[in-house]
Structure formats: C-alpha cells, structure tokens
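# Inside the fold
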Amino acid sequence: MRKTDLRKYRTKLLFSQALLQLLAEKPLNNISVKDLIARAELNRSTFYLHYLDMPDFIEATFTQALEGLKTQLLKFYPLESDALYTYYHTYLVWFDEYRLLLQALQSTSYAPLLWQKLDNINSSYLDSLAAHNKMHILYISTADRGLFAEWLLNSQAHSLEALAQLLAQSAAKIIDRN
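The present account deals with the structure reproduced in this document. A quick note: this is a predicted structure, and the numbers were derived from the prediction, not measured.

What follows is about the environment of Phe-47. The residue Phe-47 is located in helix α3 (residues 44-50) in this model. Residue class for Phe-47 comes out buried when judged on its relative accessible area of 0%. Along the primary structure Phe-47 and Ser-16 are separated by 31 residues, whereas in three dimensions their C-alpha atoms are 11 Å apart.

On to the packing of helix α4 (residues 54-73) against helix α7 (residues 111-127), then. It is the contact of α4 with α7, at a shortest axis distance of 12 Å, that shows an interaxial angle of 10°. Viewed along their axes, α4 and α7 adopt a mutual orientation that is roughly parallel. Contact residues: α4 offers Phe-62, Thr-63, Leu-66, Leu-69, Lys-70 and Leu-73, while α7 offers Leu-114, Lys-117, Leu-118, Ile-121 and Tyr-125. Of the residues contributing to the contact of α4 with α7, the split by class is 8 nonpolar, 1 polar and 2 charged.

In this section: the pattern of salt bridges. If you walk through the whole model with that rule in mind, you get 5 salt bridges. Residue Glu-67 pairs with Lys-70 through a salt bridge whose shortest N-O separation is 3.4 Å. Remark: Lys-70 and Glu-67 occur in helix α4; sequence separation between them is 3 residues, near one turn of the helix. Note that Arg-145 is salt-bridged to Asp-119, the shortest N-O span being 3.3 Å. Here Arg-145, found in helix α8 (residues 134-153), pairs with Asp-119, found in helix α7; they are 26 residues apart in sequence, far enough to count as distant.

So, on to the packing of aromatic side chains. Per the counting criterion, the structure on display carries 19 aromatic pairs. Each member of the aromatic cluster is reached from another via a ring pair, and the members are Phe-76, Tyr-77, Tyr-87, Tyr-88, Tyr-91, Trp-94, Phe-95, Tyr-98, Trp-115, Tyr-125 and Phe-148.

This part takes up unusual backbone geometry. In this model, Tyr-77 is joined to Pro-78 through a cis peptide bond whose omega is -5°. Examined against the element boundaries, Pro-78 turns out to sit in the loop between α4 and α5 (84-97). Although it is not a glycine, Glu-41 adopts a positive phi angle of roughly 60°. Residue position: Glu-41 is located in the loop between α2 (33-40) and α3. Classification of Glu-41 as exposed rests on a relative accessible area of 71%.

Cut-off values and rules
- Throughout, a residue's number is its position along its own chain's written sequence, starting from 1.
- Selection of residues for local features in this predicted model requires a pLDDT of at least 70, selection of side-chain atom pairs for listing and counting requires 80 or more, and totals for whole chains, interfaces and linings are taken over all residues.
- Think of the side-chain values as coming from all heavy atoms in the structure, minus any hydrogens and water.
- Runs of H or I in DSSP of at least four residues are treated as helices and runs of E of at least two as strands, each being numbered from the N terminus.
- Buried means the residue's accessible area, taken with a 1.4 Å probe over protein chains only, is under 20% of the maximum for its type, while exposed means over 50%, and partly exposed covers the values in between.
- Note on geometry: axes are lines fitted to C-alpha atoms, helical ones only across the stretch in contact, with angles between N-to-C directions running from 0 to 180 degrees.
- Here the angle decides the label: under 35 degrees means roughly parallel, over 145 means roughly antiparallel, 65 to 115 means roughly perpendicular, and every other value means oblique.
- Two residues qualify as a contact provided that any one of their heavy atoms is within 4.5 Å of a heavy atom in the partner residue.
- Gly is placed with the polar residues, together with every amino acid not listed as nonpolar (Ala, Val, Leu, Ile, Met, Phe, Trp, Tyr, Cys and Pro) or charged (Asp, Glu, Lys and Arg).
- For this document, the term salt bridge refers to a Lys or Arg side-chain nitrogen within 4 Å of an Asp or Glu carboxyl oxygen.
- Working definition: a ring pair exists when centres of Phe, Tyr or Trp rings (six-membered ring for Trp) sit within 6.5 Å. Plane angles under 30 degrees give stacked, over 60 give edge-to-face, the rest tilted.

Encoded structure:
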C-alpha cells in the first residue's frame, strides 16, 4: 500500500470509528459532520475531501464494513455443510461489531438496501452448497434474515454462539433432507 493510500485508509478508519463511538451516545440523525470531525480529531475539509455529505459518508462506511465481511467470509467459499457453524459465527461476530451502525440504519430509508445487501452475501454462500434445492436455500436465507434482524434489534437475547449453533443446525437439517 502506498503512503497516500495508508493516509486515506487511516482517515476513513478514524471517521468510521468516530461514528461508531457517537452511535453509542446518540441516534444517527443527531450526529453531524461537526460531531464526527471533533471525535475523529480531523478537520471539516478532510471530511469533505472524502465524502460529499453525511448520507454519502454513512453509505461509504456501510459499504466498507460489508467489504470487510466479504473478506472474512471468503475462506468459506464454497460453503460446506460441516463449516456452517463457523460461517454463521463469523457472520454474527461482524454483526456484533457493527451492531450500532446496523441498528441505526434499520430506522432509516437505507434499511431495505441494508437487508438486500446482507441477503445477497448470505444467499451467495448458501447457494454455493453443492447440489441443493434452490427453494430450500431461499427458505434458509429468508429464515436467517429474520433471525439476524431479531437478534440485532432485540438486544441480542441469545449469545452469538447460541444463535450461530441454532442457524447452523437448522440449515443442516434442511440441507440433509435433500
């Protein structure tokens, strides 16, 4: 990575970390560019060098987080039945890391796109399970989304490990019936 790239990466990381910290204190719609630059200890011109406005920043931050998820999940492609628990566990660790951002986005107009992007990632891995019925994969993917949303929005009533186990066992039962 070139020196310029490292500076850009560091700057974007500082803004993203500032956002996650601020989300622990107040709702997304109450966070301003002024709040972000103060928390990140950067200046306004630096923010506008990288982003057009807050919506652009939020979308870029979510997209960057998704890229991180995809990178973590690459080791599971193609997905094998015996790796379902580890796959779901990795997915849920990411959900937990970005919980505040995902919860904040859930209450915005960005929510449908958020779930569509997450569904696409999950479906692509589930689709890689060799020789399985497309309807079963769609069923598993839809059920996963419901459980992910419930866990995310209702204070994670179950441990990450317990939910990963539940998802893996449920998917395996459906897959093994084929």
